[in-house]
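The residues making up each chain are set out below.
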Amino acid sequence: MDKKLSNLKKEIECFQAYTYDDIESFRIKFLGKKQGVLTILFKELKKYPIQERKIYGKKINEIKRKIQKKINMHSFKKLIKNDNFIHFDPTIPGKSIEIGSLHPISILKNRITNLFKKIGFSYVEGPEIEDDWHNFTALNIPIDHPSRDMQDTFFLYKNPDILLRTHTSSVQIRYMKKHSPPFRVFSIGKVYRNETISSRSYFMFHQMEAFYIDKKVSFSDLKQTIHYLIISLFGISRKIRFRPSYFPFTEPSAEVDISENRNIGWLEIMGCGMIDPKVLENVEIDPDIYSGFAFGIGIERLALLIYKIDDIRIYFENDTRFLKQFKSDLL
Ligand code: DAH
């Protein structure tokens, strides 16, 4: 009897119904009034002495509950069968399904990605939770530099060595430590700064970082690459200018401005420069053999200019009236 019951249990557990008929024949096979397996088992029980009858009776009832459960589980199939689509009215208008659209930041990210893959750059990503060394020290940002100030950076309270990256330049360090030149790499991702939220600043935004290291990479390579990016995004009517600037991780450094549409003035859009030899040394690349350029650009800022948006906060409010406008955008 024991063996019989355990085989039965297994059979029931493995059972799967695909149609209403499957479940109906399952029910008849086990619970059928005359020939049902359980009905016969119950009859057989009478042959056993009272003690065993009690034990087996309990077990058979347990199996019965299992069968009932299986039948209930599949009863939705019965509903489908009975309903027979009688209530289906083909004249009722269908429910329209809203088609989503890409977020403007994703549109721009995809567009830049395509542009840079075309000129031989490969895409990499780095972590948003960084340590001090990758975000600051290796990039030659001294201890007393204002960007280390608690007001700009989100530090982990319990371990100030861990922070949310303030820029994507940390990806340079991560990549250069692991790979030997030559390489052309770019990354696009979120960065975080503890700034007061306003129409021009937010606690999080996206940056693109690009860097190229090889023998004899020069400032003219940098200029040409940035020119290619800006002209591809804004069209050939825009002018760009390089203004000398300072970044701890580049030497010389520059900021790039783009001419406003009607030539009223210049808008600052990015920082760039030749990677400082000290940074190369920090990642064990010999600056006497290799040189490289790097630049960093804010994606929200770029999108503000391309789409003529005047408030950075709107990107993250999930207002579908704003997002829907990009539905047909081919950018
Ligand atoms: N990391 C800088 C920032 O967030 C931007 C930047 C400037 C990146 C110059 C670069 C660079 O790679 O060369 O303000």
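Residues numbered from 1 in each chain as written. Predicted model: local features only at pLDDT ≥ 70, side-chain atom pairs only at ≥ 80, totals over all residues. Heavy atoms only, no water.

Engineer: Let's hear about the site of the ligand: which residues, and what values?
Structural biologist: Neighbouring the ligand are 15 residues; H167, S169, R193, Q207 and E209 lie closest to it. Here Q172 contributes a side-chain N or O atom positioned 3.3 Å from an oxygen atom of the ligand. In this structure, an oxygen atom belonging to the ligand sits 3.1 Å away from a main-chain N or O atom of A294. Burial of the ligand by the surrounding chains reaches 89%, relative to a free accessible area of 350 Å². In the shell around the ligand, the residues fall into five nonpolar, eight polar and two charged. (Near = heavy atom within 4 Å. Polar contact = N/O pair within 3.5 Å; in protein donor to acceptor, adjacent residues only side chain to side chain. Areas by Shrake-Rupley, 256 points an atom, 1.4 Å probe, with all protein chains shown as cover. Nonpolar A, V, L, I, M, F, W, Y, C, P; charged D, E, K, R; others polar.)

Engineer: Please set out the sheet that holds strand β2 (residues 129–131) residue by residue, giving values where relevant.
Structural biologist: One open sheet holds the three strands; their spatial order is β2-β4-β3, and the pairing between them is antiparallel. A strand with exactly one partner marks an edge of an open sheet, and here the two such strands are β2 and β3 (155–156). In this structure, β2 lies alongside strand β4 (residues 159–164), joined through three bridges in antiparallel fashion. Paired with E130 across the strands is L163, a residue of β4. (Pairing = 2+ DSSP bridges. Helix = DSSP H or I, 4+ residues; strand = E, 2+ residues; numbered from the N terminus.)

Engineer: Any details on the packing of aromatic side chains? Residues and values, ideally.
Structural biologist: By the definition in use, this model includes 21 aromatic pairs. Residues F121 and Y212 carry aromatic rings whose centres are separated by 6.3 Å and whose planes lie at 65 degrees to one another, so their mutual orientation is edge-to-face. Residue F121 is found in the loop between α6 (104–118) and β1 (122–123), and its partner Y212 is found in strand β6 (residues 204–214); the two are separated by 91 residues along the sequence. According to the relative accessible area criterion, F121 is buried, its value standing at 6%. The interplanar angle of 70 degrees and the centroid separation of 6.1 Å between the aromatic rings of F219 and F242 together place this pair among those described as edge-to-face. Here the residue F219 occupies a position in helix α9 (residues 219–234), and F242 occupies one in strand β7 (residues 240–247), the gap between them amounting to 23 residues. Joined through ring pairs, the aromatic side chains of F116, F121, Y123, F186, Y212, Y228, F293 and F295 make up one cluster. When the ring centre of Y212 is taken as reference, the NZ or CZ atom of R184 above it lies at 5.4 Å. (Phe/Tyr/Trp six-rings, centres within 6.5 Å; stacked < 30°, edge-to-face > 60°. Buried < 20%, exposed > 50% of the residue type's maximum accessible area, 1.4 Å probe, protein only. Lys NZ or Arg CZ within 6 Å of the ring centre and 35° of its normal.)

Engineer: Break down the side chain of E300 for me, with residues and values.
Structural biologist: By secondary structure assignment, the location of E300 is in helix α11 (residues 299–307). One buried charged residue, E300, remains without a salt bridge, the closest side chain of opposite sign being K190 at 8.3 Å. When residues no more than four places from it in sequence are discounted, the contact partners of E300 are I105, F205, H206, I312, Y315 and F316. (Lys, Arg positive; Asp, Glu negative; His and termini not counted. Salt bridge = Lys/Arg side-chain N within 4 Å of Asp/Glu carboxyl O. Contact = heavy atoms within 4.5 Å.)

Engineer: Can you lay out unusual backbone geometry for me, pointing to particular residues and giving the numbers?
Structural biologist: The residue after P181, namely P182, is reached through a cis peptide bond having omega 5 degrees. Residue position: P182 is located in the loop between α8 (169–178) and β5 (183–192). Here the residue pair E251 and P252 is connected by a cis peptide bond, since its omega of -5 degrees sits within 30 degrees of zero. By the element assignment, P252 lies in strand β8 (residues 250–259). Positive phi, normally seen in glycine, also occurs at N318, with a value near 60 degrees. As for its placement among the helices and strands, N318 is situated in the loop between α11 and α12 (320–323). The exposure class assigned to N318 is exposed, which follows from its relative accessible area of 60%.

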